[in-house]
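What follows is each chain in one-letter form.
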Amino acid sequence: MASARPEAAAPPVPRPAGFADLEKATAGLQPPFAVVDLGALRANAAQMVRRAGGKPVRLASKSLRCRALIDEVLARPGFSGVLAFTLPEALWLASHDPALDVLVGYPTADTDALARLAADPDAAARVTVMADSPEQLDLLTEAAAAAGPDGPPLRVCLDLDASLRLLGGRVHLGMRRSPLHAPEQAAALARAVVARPRLKLVGVMAYEGQIAGVGDAQPGQGRPMRTAVRVVQHLSARELRARRAAAVRAVRAVAPLEFVNGGGTGSLESTSAEPAVTELGAGSGLYAPALFDHYRGFSPLPAAYFALSVVRRPAPGHVTVLGGGWTASGAPGPDRLPVPVHPAGLGLTGTEGAGEVQTPLTGPAADGLRVGDRVWFRHAKAGELCERVDVLHLVEHDRVVAAVPTYRGEGLAFL
């Protein structure tokens, strides 16, 4: 199911801003603030479409968390529909765009949101919920029954586990997501869906996080480790290609499917090459946070930044900025910390890292900074930056062309 959107004219070739441009554009702003370089974002969007090889990219909204930028990206050829992260978010986005097709990427146990979905025929026709177990189907069925006998059917997508399992399952490489790993497990749940008259099976999804979300050229890793990562990713892609195709065949034998969703920013080429996949899901590559600096196959342009003020000079070779503890989710480690990127030659200290209210920085550039100067950072991951700010300042070349609210700026926190 694709959003009905008019074909857009080919946009001009975007020009990313440099730090001199960003400084000029934001000279009147008081830190902390966040900016998105529209030139870089548009270049990244074009790169993602090229890498998708002609298959539509469903935009992962958790990576942007800004309705204005979601609209900006969806207006571009090659993008179609949203991959939401919660059902309340999906309902909210659908209420603002009557043409929007939304797939909720994760199962929900939010009975209030399910009741709203089941009671709204328009939303039920455009919002698809995720399931990987009979218990989730029970919640959907109860919501549909409560809406009355004339209520709309609820659209369901099955979430297939994409992890690589070795040695009889004793080794698990990938995310802990769905219990549906084997094609016959997917087919069994598909039969459970179609046995319920108020549910409609429309899709299958599988997200290969061990490929899409893990850079294969990480700094600090020796050649043996980098080689091991690449070998595992190659093996996983080959195994998943065959298993996903078999699962899709098994599910299609139970019911027709409208879409098969797969991939992520880091695996667009390999996933799009699978005949079983009809669309891709991606979003982080638009902002290109620091974790996306370390892939061999593509090089997105940094597009999202935040700026903090220098407020102390505690010692030679050191400055301290106000704030900075904007860490990303995931297993704790240095790669989850924000990265100071301008002026060049600054780094976090090993004893304090990124602090809640202050962050000491050290390096050759420190002695050139004075109280009141700015330090520019990049977030480690994508959308979580927007949970820290109400507004994104959109920059073109050396001008702020708009200040748009994040989800937080619209008074919303979905997770």
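Preceding this paragraph is the structure being described.
To start, this report covers the structure provided alongside it. Being a predicted model, the structure only gives us computed values, none of them experimental.

Attention now goes to the side chain of D37. Tracing the backbone shows D37 in strand 1 (residues 33-37). Among buried charged residues, D37 stands out as having no salt bridge; its nearest opposite-charge side chain is R42, 7.9 Å away. Within the structure, D37 has its side chain in polar contact with the backbone nitrogen of A17 (distance 2.8 Å). Apart from the residues within four sequence positions on either side, D37 is in contact with R15, P16, A17, A303 and V395.

One pair of aromatic rings is described through two measures. These are the centre distance and the angle between the planes. If you walk through the whole model with that rule in mind, you get 13 aromatic pairs. With 6.4 Å between their ring centres and 20° between their planes, F85 and Y407 make a pair best called stacked. Taken together, the residues span a long stretch of sequence, with F85 in the loop between strand 3 (79-84) and helix 4 (87-96) and Y407 in the segment after strand 19 (399-405) at a distance of 322 residues. For the pair F85 and Y407, one class covers both residues: buried. Seen from their ring centres, Y407 and F414 are 5.4 Å apart, and the 85° between their planes marks the pair as edge-to-face. Accessibility assignment for this pair places Y407 and F414 in one class, buried. An aromatic cluster of three or more residues is present, and its members are F19, F33, Y305 and W376. The lysine or arginine in question, R58, covers the ring of F259, its NZ or CZ lying 5.3 Å from the ring centre. One cation-aromatic arrangement involves R65 over F85; the distance from NZ or CZ to the ring centre is 4.8 Å.

On to the nonpolar core. Membership of the largest hydrophobic core comes to 94 residues, with the highest contact counts inside it found for L69, L87, Y287 and L392. Aside from chain neighbours lying at most four places away, what touches L392 is A34, V36, C66, L69, Y287, C386, A402, A403, V404 and T406.

Our focus in this paragraph is the sheet that holds strand 5 (residues 127-131). Sheet architecture is closed into a barrel: eight strands sit in the order 2-3-4-5-6-9-10-11, paired in parallel fashion. Strand after strand, the sheet turns through a mean of 30° between neighbouring axes, direction not considered. Bridge analysis of strand 2 (residues 57-60) against strand 11 (residues 279-282) gives three bridges, and the strand direction is parallel. Note that in strand 11 the partner of V57 across the bridge is L280.

What follows is about the pattern of salt bridges. All chains considered together, the criterion is met by 20 salt bridges. A salt bridge links R58 to E279, with the nearest nitrogen and oxygen atoms 2.6 Å apart. One end of the pair, R58, is in strand 2; the other, E279, is in strand 11, with 221 residues separating them in the sequence. No difference in accessibility class separates R58 from E279, as the two residues are buried. Residue E208 is joined to R244 by a salt bridge in which the shortest nitrogen-to-oxygen separation is 3.2 Å. One end of the pair, E208, is in the loop between strand 9 (199-206) and helix 9 (209-212); the other, R244, is in helix 10 (residues 223-252), with 36 residues separating them in the sequence. The class of E208 is buried, set by a relative accessible area of 2%. Here the residues in one salt-bridge network are R42, E72 and E396, joined through shared partners.

Relative orientation of the contacting elements helix 2 (residues 38-51) and helix 3 (residues 67-74) amounts to 45°, with a least axis distance of 11 Å. The angle between helix 2 and helix 3 falls in the class oblique. Crossing angle aside, the handedness with which helix 2 passes helix 3 is right-handed. In this structure, helix 2 uses L38, L41 and R42 to contact helix 3, whose residues at the interface are L69, E72 and V73. Taken together, the residues that form the contact of helix 2 with helix 3 break down as four nonpolar, no polar and two charged.

Next up on the list: helix 4. Burial within helix 4 is extensive, with eight of its ten residues counted as buried. Residues of helix 4 that are buried make contact with helix 3, strand 3, strand 4 (102-104), helix 5 (111-118), helix 6 (121-126) and strand 5. The N-cap of helix 4, judged by a side-chain oxygen 3.1 Å from the amide nitrogen of E89 a few residues on, is T86.

A word on unusual backbone geometry. Where the residue is not glycine, phi is negative for most of them; where a peptide bond is considered, it is trans in most cases. Here P31 and P32 are connected by a cis peptide whose omega angle stands at 0°. Mapped onto the elements, P32 comes out in the loop between helix 1 (19-25) and strand 1. Although it is not a glycine, R65 adopts a positive phi angle of roughly 50°. Within the secondary structure, R65 sits in the loop between strand 2 and helix 3.

What counts and what doesn't
- Residues numbered from 1 in each chain as written.
- Predicted model: local features only at pLDDT ≥ 70, side-chain atom pairs only at ≥ 80, totals over all residues.
- Heavy atoms only, no water.
- Helix = DSSP H or I, 4+ residues; strand = E, 2+ residues; numbered from the N terminus.
- Buried < 20%, exposed > 50% of the residue type's maximum accessible area, 1.4 Å probe, protein only.
- Lys, Arg positive; Asp, Glu negative; His and termini not counted.
- Salt bridge = Lys/Arg side-chain N within 4 Å of Asp/Glu carboxyl O.
- Polar contact = N/O pair within 3.5 Å; in protein donor to acceptor, adjacent residues only side chain to side chain.
- Contact = heavy atoms within 4.5 Å.
- Phe/Tyr/Trp six-rings, centres within 6.5 Å; stacked < 30°, edge-to-face > 60°.
- Lys NZ or Arg CZ within 6 Å of the ring centre and 35° of its normal.
- Core = buried A, V, L, I, M, F, W, Y, C linked by side-chain atoms within 4.5 Å.
- Pairing = 2+ DSSP bridges.
- Axes fitted to C-alpha atoms, helices over the stretch in contact; angles between N-to-C directions.
- Parallel < 35°, antiparallel > 145°, perpendicular 65-115°, else oblique.
- Left-handed = near helix turned anticlockwise from the far one by under 90°.
- Nonpolar A, V, L, I, M, F, W, Y, C, P; charged D, E, K, R; others polar.

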